[in-house]
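Summary of the model geometry
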Amino acid sequence: MMDEARYNPLVAAAFKRIMAAADAFDPDVLEADSTGDMVTLTSSSREKCIINTQRAVRQLWVAGQGQGIHFDYDEASRTWKDDKGRGLELFSFVAGVVKHLTGQDLAYPS
């Protein structure tokens, strides 16, 4: 299992990337809030996408569109992948949830 010294900066970078993309939205369309171990994206209809840490198992968990998906960091691909091997990637999954909530694309900064 990944140690906390490796996990913490990866989580911080993921949260920063998601927040930067969400901040490009009009706040009347999508609000983004980051509090410690959680990022909450709330649409104008009050539906949410919640991304939070699961420190005990070194994962990120995303709730959205009626699903809860756990993501592990994959060192080989240098990205967060779902822990069930369904081929889901964290940033793509969050973008899909945001598209569902707002009808707009979530564009991540380079």
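Our subject is the structure listed above.
Reference entry: report on the structure contained in this document.

Analysis parameters
- Going along each chain's sequence as written, the residues are numbered from 1 onward.
- Restriction of local features to residues with pLDDT of at least 70 applies here, the model being predicted, together with a cutoff of 80 or more for giving and counting side-chain atom pairs; totals for whole chains, interfaces and linings are based on all residues.
- To obtain the side-chain values, all non-hydrogen atoms of the structure were included, while hydrogens and water were left out.
- When a carboxyl oxygen of Asp or Glu lies within 4 Å of a side-chain nitrogen of Lys or Arg, that pair is called a salt bridge.
- Runs of E in the DSSP output that reach at least two residues are strands. Runs of H or I that reach at least four are helices, and both are numbered from the N terminus.
- Categorising residues by exposure relies on relative accessible area from a 1.4 Å probe, with only protein chains included: less than 20% of the type maximum marks a residue as buried, more than 50% marks it as exposed, and the intermediate range marks it as partly exposed.

Counted by the stated rule, this structure contains 6 salt bridges. The salt bridge partner of Glu75 is Arg6, with a shortest N-O separation of 2.9 Å. Residue Glu75 is found in the loop between strand 5 (67-74) and strand 6 (79-82), and its partner Arg6 is found in helix 1 (residues 4-22); the two are separated by 69 residues along the sequence. Note that Arg46 and Glu31 form a salt bridge whose closest N and O atoms lie 3.8 Å from each other. Taken together, the positions of Arg46 in the loop between strand 2 (38-43) and strand 3 (48-54) and Glu31 in strand 1 (residues 30-35) put the pair 15 residues apart, joining distant regions of the chain.

As a further point, take unusual backbone geometry. Backbone geometry places Arg46, a non-glycine residue, at a positive phi of 75°. The backbone of Arg78 sits at a positive phi, close to 60°, despite the residue not being glycine. Tracing the sequence through the fold places Arg78 in the loop between strand 5 and strand 6. The exposure class of Arg78 is exposed, given its relative accessible area of 67%.

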